[in-house]
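Reading the structure
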Amino acid sequence: MTYWTILLITALSGPMDGSQSYVLYPSLADCERATLAVSETLAYDHALDCLPTDTASGSIRPKANPWVQQ
C-alpha cells in the first residue's frame, strides 16, 4: 500500500523567508523524483522535504482544512 506524500517547500531567504507551501504526491518515490524539477523552477534559496502521511493514496485526495489558517 502506498501513502500520500507532501513535498514541503520552505523559502530560506528574502521577503518570503520562512513561508511554506506544499504539493501532494501519491507516493514517496513520486515526490522524490519531482524534487529536482521543482527545485529548478524556484529562483530563491529553499528547502524541499518529502513527508509521508498516514493517508492511503488509494483514498480520496486529502484537502486542506478551511478552518486552519495556512
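In case you missed it, the structure is sitting above this.
A short tour of the structure in this document, coming up. None of these values were measured; they are calculated from a predicted model. (Residues numbered from 1 in each chain as written. Predicted model: local features only at pLDDT ≥ 70, side-chain atom pairs only at ≥ 80, totals over all residues. Heavy atoms only, no water.)

The next subject is the state of the cysteines. Enumeration over the complete set of coordinates arrives at 1 disulfide. Between the sulfur of Cys31 and that of Cys50 lies a disulfide, 2.1 Å long from S to S. Linking Cys31 and Cys50, the disulfide has an S-S dihedral of approximately -95 degrees and is accordingly described as left-handed. One end of the pair, Cys31, is in helix α1 (residues 28-41); the other, Cys50, is in strand β3 (residues 46-56), with 19 residues separating them in the sequence. Accessibility classification places Cys31 together with Cys50 in one group, the buried group. (Disulfide = S-S within 2.5 Å. Helix = DSSP H or I, 4+ residues; strand = E, 2+ residues; numbered from the N terminus. Buried < 20%, exposed > 50% of the residue type's maximum accessible area, 1.4 Å probe, protein only.)

In this fold, Val38 is placed in helix α1. A relative accessible area of 15% places Val38 in the buried class. Each residue touching Val38, except ones within four places of it in the same chain, is listed here: Leu7, Ile9, Tyr25 and Leu48. (Contact = heavy atoms within 4.5 Å.)

Relative to the assigned elements, Ser27 resides in the loop between β2 (20-25) and α1. In contact with Ser27, other than residues within four places in its own chain, are Thr2, Tyr3 and Thr5.

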